[in-house]
Amino acid sequence: MLENTQQIIARIGETDQLYLNNNTPELSLERSDLRLQLVVHSNLRQEQVHFLQEAIVILEQARIEYEEMPLDLYLQLSLHLAKAYMLYFELNRENRFAIITQQILKPLAHYEEGNIYFFLAYASAAKKELSLTRHWLNKYSRTAEFDLQLLHVHPAFDELRQEDWFKQLLKSKLH
């Protein structure tokens, strides 16, 4: 087992013990993030699904459990939840996971946070909704979080790289 994986598993044990004493939204974010890291490290589909399910439960619970939390923290929890569902999509190629991602993030789009736009574009591309993908990518391109390299390499946008509007979007960000 990789040393990094062992460290993640050890930290999961520590954070789960902290959870038993006093859960916080920040702790929920860390606990779910550790599980998402294990999804990426694992090569076994059954393990990946298990860790995804745990992360989703932790994130869903954290988003509703606390009556008040800073907006930034709520957005982070929501983005992690979207990431978890899109990882689920990558495992299963089932559109329902992209739909869930859209349902989580569309109500938050008015906060003009770049990563929200990115995940909405990603979910739209996964569902082959090209006009929505273009819409969200255009919004994403106008944010500080815009990552040109990510658009160049992310497989969700492979089919779009030949589109004139996509080339123009990338070209406009080179300058």
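Our subject in this report is the structure included herewith.

Rules used throughout
- Residues numbered from 1 in each chain as written.
- Predicted model: local features only at pLDDT ≥ 70, side-chain atom pairs only at ≥ 80, totals over all residues.
- Heavy atoms only, no water.
- Helix = DSSP H or I, 4+ residues; strand = E, 2+ residues; numbered from the N terminus.
- Rg over C-alpha atoms; globule rule 2.2 N^0.38 Å.
- Phe/Tyr/Trp six-rings, centres within 6.5 Å; stacked < 30°, edge-to-face > 60°.
- Lys NZ or Arg CZ within 6 Å of the ring centre and 35° of its normal.
- Buried < 20%, exposed > 50% of the residue type's maximum accessible area, 1.4 Å probe, protein only.
- Core = buried A, V, L, I, M, F, W, Y, C linked by side-chain atoms within 4.5 Å.
- Contact = heavy atoms within 4.5 Å.
- Salt bridge = Lys/Arg side-chain N within 4 Å of Asp/Glu carboxyl O.
- Expected span 1.5 Å × (residues − 1).
- Arc of directions from axis to C-beta.

## Re the overall build of the protein chain
Item 1. For the protein chain, the helix and strand inventory stands at nine helices and zero strands.
Item 2. Counting helices and strands in the order they occur from the N terminus, the protein chain gives α-α-α-α-α-α-α-α-α.
Item 3. Over its C-alpha trace the protein chain gives a radius of gyration of 17 Å, about what one expects of a compact globule, namely 16 Å for 175 residues.
Item 4. Once the C-alpha set of the protein chain is aligned to its principal axes, its extents read approximately 55 × 40 × 30 Å.

## Some thoughts on the packing of aromatic side chains
Item 1. The final tally for this structure, using the stated rule, is eleven aromatic pairs.
Item 2. Stacked on the ring of Tyr-19, the Lys or Arg Arg-31 has its end atom at 4.2 Å from the ring centre.
Item 3. Between the NZ or CZ atom of Lys-173 and the centre of the ring of Phe-146, over which it lies, the distance is 5.2 Å.

## Considering the environment of Tyr-74
Item 1. Within the fold, Tyr-74 resides in helix 4 (residues 71–92).
Item 2. Classification of Tyr-74 as partly exposed rests on a relative accessible area of 24%.

## Notes on the nonpolar core
Within soluble globular proteins, side chains that are nonpolar tend to cluster in buried spots.
Item 1. In this structure, Met-86, Leu-105, Phe-119, Leu-137, Leu-151, Phe-157 and Phe-166 are the most contacted members of the largest nonpolar core, which totals 55 residues.
Item 2. The greatest single-element share of this core, amounting to eleven residues, is contributed by helix 4.
Item 3. Excluding anything up to four places from it in sequence, Met-86 contacts Phe-97, Ala-98, Thr-101, Phe-119, Tyr-122, Ala-123 and Ala-126.

## Details of the pattern of salt bridges
Item 1. Inspection of every chain in the model, using the stated rule, returns ten salt bridges.
Item 2. Of the charged contacts in the structure, one is a salt bridge between Arg-96 and Glu-94, with a shortest N-O distance of 2.5 Å.
Item 3. For the salt bridge of Glu-159 with Lys-128, the shortest nitrogen-to-oxygen distance reads 3.3 Å. Here Lys-128 lies in the loop between helix 6 (114–126) and helix 7 (130–141) and Glu-159 lies in the loop between helix 8 (148–153) and helix 9 (164–174), a separation of 31 residues in the sequence. Side by side, Glu-159 and Lys-128 carry an identical accessibility label, which is exposed.

## A closer look at the side chain of Gln-48
Item 1. Following the sequence through the fold, Gln-48 ends up in helix 3 (residues 45–65).
Item 2. Sequence-distant contacts of Gln-48, defined by excluding residues within four places in its chain, comprise Val-39, Ser-42 and Leu-91.

## Here's the deal with helix 7
Item 1. Spanning twelve residues, helix 7 covers 16 Å between terminal C-alpha atoms, matching the ideal 16 Å at 1.5 Å per step.
Item 2. By the burial criterion, the buried members of helix 7 are Thr-133, Trp-136, Leu-137, Tyr-140 and Ser-141. Along helix 7, the residues classed as buried sweep out an arc of 140 degrees about the axis, all on the same side.

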